[in-house]
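# Architecture at a glance
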Amino acid sequence: MFTIEKSGEILHVNGIFMAKCTISVPGTSITVYSFNIDGVLIDTGARSLHEQFQPFFEQADFDQIMLTHFHEDHTGNAASLQQYREIPTFIHRMSTHLTERSARLPMYRQAFWGQPEVFTSQPLGQSFVSRNDTWEVIETPGHTKDHMSFYNRDRGAIFTGDLFVTPKVKVVHIDENIVSTLDSLKKVLTYDFEHMYCCHAGYVKDAKKWIQLKVDYLEEIEGKILAFSKQGKEINEITAELFPTPYPIIAASNTEWSPVHIVRNFLNRG
Ligand SMILES: [Zn+2]
């Protein structure tokens, strides 16, 4: 059995209170953030990191929870937060019914992130208000169909869940539609902001520059995929050519995470 290591820390950045918790297994380490701003908690981290998030939850001041999407590393502690007091919890309307039944997760995800308990949720509207601020809810599908970003114009800030994560993405989950991700990245670039808060990268300064970098990278990858395809190359050949590194997650997830999903999505559009 491999060893799992966990750590957690609490940070204050630009008046935003946040938890940064990391889970590591040999060869892989993933950091997850939860954010607290103006009485709102944005995403709740993974249940497997509950102990690491707990000091943050105890110090955080919030009366509503906003979830960017229905993935266990974002919804994992919603149930325990609802246990002691009623906290309205919001998610995309297509996922409210999912929070109230036990999610069936593949073994590797259950082992890594823990099995989330059920919780009650309400549908996000197009906007919401917190104690002092008004927020815009932006549909940003791609990573998942139900993915939302939360935009605070007055603070020049956007909370992007798993839309960004890394500019040069190499593997995606089978449910991700990278074509939609690219559209969503372009969509958020039409908004005016400086600061991005990503659930895996944390605070990202000069946010638009980084998002543009991901847009440029994905467009370049798309161009290469379509050029290879024109030469008669098959999906697996193109994948091997463009993404030769055998990241451990590919085998560990039985290719649920793989670069082939990036190639397939772009080929299907082209
Ligand atoms: Zn996710």
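Quick summary incoming for the structure in this document. Because the structure is a prediction, the values reported are computed rather than measured.

Reading the values: the criteria
One numbering rule holds for all chains: residues counted from 1, following each sequence as written. pLDDT decides what is reported in this predicted model: residues at 70 or higher carry local features, side-chain atom pairs at 80 or more are listed and counted, and totals for whole chains, interfaces and linings draw on all residues regardless. Calculation of side-chain values draws on the structure's entire complement of heavy atoms; hydrogens and water are dropped beforehand. Atoms of type N, O and S within 2.8 Å of a metal are treated as its donors, and for Na, K and Ca the window is 3.2 Å; water is not considered, so some sites may appear to be missing partners. In this scheme the shape depends on donor count and angles: four donors with every angle between 85 and 135 degrees give tetrahedral, four or six donors with opposite pairs above 155 degrees and others between 65 and 115 give square planar or octahedral in turn, and any other case is irregular. Only runs of H or I of at least four residues qualify as helices and only runs of E of at least two qualify as strands under DSSP, and these elements are numbered from the N terminus. Take the buried Ala, Val, Leu, Ile, Met, Phe, Trp, Tyr and Cys residues and link them wherever side-chain atoms come within 4.5 Å; each set so joined is a nonpolar core. Only protein chains enter the area calculation, which uses a 1.4 Å probe; residues under 20% of their type maximum are buried, those over 50% are exposed, and those in between are partly exposed. What makes two residues a contact is simply this: any of their non-hydrogen atoms within 4.5 Å. Two strands make a pair as long as DSSP finds a minimum of two bridges between them. Note on definitions: angles span 0 to 180 degrees between N-to-C directions of axes, and those axes are lines fitted to C-alpha atoms, for helices only across the stretch in contact. In this context, the arc is that of the directions from the helix axis out to the C-beta atoms.

### Notes on the coordination of the zinc ion
Note on metal sites: the ideal angle is 109.5 degrees for four tetrahedral donors, and 90 or 180 degrees for six octahedral donors. Distances from the zinc ion to its protein donors, H69 (NE2), H71 (ND1), H143 (NE2) and D162 (OD), fall within 2.1 to 2.2 Å. Its four donor atoms give the zinc ion angles of 91 to 171 degrees at the centre, a pattern that matches the irregular case. Read N to C, the donor residues that coordinate the zinc ion are spaced as H-x1-H-x71-H-x18-D. Remark: D162 occurs in the loop between β11 (157-161) and β12 (172-173) and H71 occurs in the loop between β5 (62-66) and α2 (72-75); sequence separation between them is 91 residues.

### Looking at the nonpolar core
Ranked by internal contacts, the top residues of the largest apolar core, which has 32 residues, are I211, L218 and F266. Of all the secondary structure elements, the ones that give two or more residues to this core are α5 (178-188), β13 (195-198), α6 (207-230), α7 (235-242) and α9 (260-269). In terms of residues, this core owes the most to one element, α6, which gives eight residues. When near neighbours in sequence (up to four residues on either side) are disregarded, I211 contacts F164, L185, V188, L189, F193 and M196. F17, V32, F62 and A79 belong to the second-largest nonpolar core, a separate cluster that totals 24 residues.

### Considerations on the pairing of strand β9 (residues 134-139)
Residues in a regular strand project their side chains so that they alternate between the two faces of the sheet. Looking at chain direction, strand β8 (residues 127-129) and β9 are connected through three bridges and run antiparallel. Residue S127 lies in a different strand from β9, and its bridge partner there is E136. What sits between β8 and β9 in their antiparallel hairpin is a turn of four residues. As paired strands, β9 and strand β10 (residues 148-152) are joined by four bridges and run antiparallel to one another. For V137, the partnering residue across the bridge sits in β10 and is F150.

### Brief notes about the side chain of E222
Along the chain, E222 turns up in helix α6. Leaving out residues up to four positions away in the same chain, E222 has contacts with L182, F266 and R269.

### A few points about the sheet that holds strand β14 (residues 202-204)
Strand order in the open sheet formed by six strands is β8-β9-β10-β11-β13-β14, with mixed pairing between adjacent strands. The open sheet has two edge strands, β8 and β14, and neither has a second partner. Across the sheet, the axes of successive neighbouring strands diverge by a mean angle of 25 degrees, strand direction being ignored. For β10 and β11, the ladder comprises three bridges, and the chain directions are antiparallel. Each bridged residue has a counterpart across the sheet, and for F150 the counterpart in β11 is F159.

### Points about α7
Burial in α7 covers these residues: I238, T239 and L242. Each buried residue of α7 lies within a common arc of 100 degrees when the element is viewed along its axis, so the set occupies one face. Residues of α7 that are buried sit in contact with α6 and α9.

### Here we look at the pairing of strand β3 (residues 28-37)
For β3, the buried fraction is high: seven of the 10 residues fall into the buried class. As defined by bridge partners, strand β2 (residues 16-25) adjoins β3 across nine bridges and the pair is classed as antiparallel. Looking at β3, one finds that V25 is bridged to T28. Taken together, β2 and the strand that follows it, β3, pair antiparallel across an intervening segment of two residues, in which G27 is found at a positive phi of about 95 degrees. Relative to strand β4 (residues 39-42), β3 runs antiparallel, the two being bridged by three bridges. Counterpart to F35 in the pairing with β4 is I42. Following β3, the chain reverses through one residue before pairing antiparallel with β4; D38 in that reversal takes a positive phi of roughly 50 degrees.

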